[in-house]
Amino acid sequence: MKNLMRYKFYIMRHNILSYIIFLLCCVIALLFTDESYLEDPIVMNTPQNLSGVFMNEVADAGIAILLIVGVFAVFEFSGDLKQRCVNYELISGNSRTKIFISHYVYIFILSGSMIAGSLSIGCCKYGIMDWIIAIWENKGYFLRAVLFIYIISFSIISVCMVFAVLFKDTAKSAIAAFIFLFLACYIMAAIAAAIAGNSMVSAYEAPPVALLFYPPYIWRWILNPELQAMQLAGAAAVAVLWCGSAFGISSYCFCKTELK
């Protein structure tokens, strides 16, 4: 497993597309992050400071970045299947389950790091030292936010890995992932707008229980700094449930599929 992970990260470090995608995400974060978030916030209990800007940046620009990174992650995985890189891993004596887990963990780390990293860079436009001070003064919240960026984003992206296994084609898998992610986020935004009325923040004040089982909705709801430990644990459990379900389906299909 360790050798498989080393191999994946070696490929990533030498893949120019990885740097292009990360740069694109940083540009989006820098362009769309704005102090106007504080005037009409998306996140409940938004403080009127740089931390509040970050919360709403994640809620807003974070959705677009999640979509881009999700499509890229699926493109990467489907590329390995199409180019028969997996065959070489099998020939090296690794089981299909071990190979799939290594890809699963790799995409979890890659996608979470790209999203969290680019969103953090987005707030640097207000001054690197001011941003560092804001993180230090609210380190508990920022650690929580980064953790949930990793697990919530992956709970959504992991569903798209099924497309890579089924199609074994980069173009088809990327298109299917884009459509799924766009619709998932669009549905979330449409539901929120229907609930919100005149104020978007009210869409996340007292959500129906069913929405708390929908990761794209949780993505914004979880940013509320006043949430209790049980609410955080519930959100984490939902994300893990989605990740586990997607892993089970993808792993089963991967182990049964014919690799030519």
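Placed above this text is the structure.
Residues numbered from 1 in each chain as written. Predicted model: local features only at pLDDT ≥ 70, side-chain atom pairs only at ≥ 80, totals over all residues. Heavy atoms only, no water.

Caption draft 1: Focus on the packing of aromatic side chains. In this structure the tally under the stated criterion is 14 aromatic pairs. Considering the side-chain rings of Phe-163 and Phe-180, the 6.1 Å spacing of their centres and the 65° angle between planes classify their relative orientation as edge-to-face. Within this pair, whereas Phe-163 is found in helix H7 (residues 139-167), its partner Phe-180 is found in helix H8 (residues 170-196), the two being separated by 17 residues in sequence. Accessibility expressed as a relative area gives 25% for Phe-180, which makes it partly exposed. These aromatic residues form a ring-pair network of at least three members: Phe-77, Phe-100, Tyr-104, Phe-108, Tyr-150, Phe-154, Phe-247 and Phe-254. Sitting over the ring of Trp-136, Lys-139 keeps its end group 4.2 Å from the ring centre. (Phe/Tyr/Trp six-rings, centres within 6.5 Å; stacked < 30°, edge-to-face > 60°. Helix = DSSP H or I, 4+ residues; strand = E, 2+ residues; numbered from the N terminus. Buried < 20%, exposed > 50% of the residue type's maximum accessible area, 1.4 Å probe, protein only. Lys NZ or Arg CZ within 6 Å of the ring centre and 35° of its normal.)

Caption draft 2: The arrangement of the nonpolar core in detail. Of all hydrophobic cores here, the largest spans 84 residues; its most connected members are Ile-115 and Ile-222. When residues of this core are assigned to their parent elements, the largest contribution, 19 residues, is made by helix H3 (residues 50-82). Once residues within four sequence positions are removed from consideration, Ile-115 is found in contact with Ile-65, Leu-66, Val-69, Ile-149, Ser-153, Ile-157 and Trp-219. (Core = buried A, V, L, I, M, F, W, Y, C linked by side-chain atoms within 4.5 Å. Contact = heavy atoms within 4.5 Å.)

Caption draft 3: Broad picture of a negative patch on the surface. Residues Asp-34, Glu-35, Glu-39 and Asp-40 make up a contiguous surface patch of negative charge. Checked against the element boundaries, Asp-34 lands in the loop between helix H2 (16-32) and H3. (Patch = residues over 30% accessible without salt bridge, like charges linked within 9 Å, V, L, I, M, F, W, Y side chains within 5 Å. Areas by Shrake-Rupley, 256 points an atom, 1.4 Å probe, with all protein chains shown as cover. Salt bridge = Lys/Arg side-chain N within 4 Å of Asp/Glu carboxyl O. Lys, Arg positive; Asp, Glu negative; His and termini not counted. Charge placed at Lys NZ, Arg CZ, Asp CG, Glu CD.)

Caption draft 4: Geometry of unusual backbone geometry. For Asn-45, which is not a glycine, the phi torsion comes out positive at approximately 60°. Mapped onto the secondary structure, Asn-45 falls in the loop between H2 and H3. We classify Asn-45 as partly exposed; its relative accessible area is 40%. Of note, Lys-168 is a non-glycine position whose phi angle comes to about 50°, a positive value. As for its placement among the helices and strands, Lys-168 is situated in the loop between H7 and H8.

Caption draft 5: Layout of the environment of Ala-233. Within the secondary structure, Ala-233 sits in helix H10 (residues 229-256). A residue is classified by how much of its surface remains accessible, and Ala-233, at 43% relative accessible area, is partly exposed. Spatially, the C-alpha atom of Ala-233 lies 27 Å from that of Gln-48, the residues being 185 residues apart in sequence.

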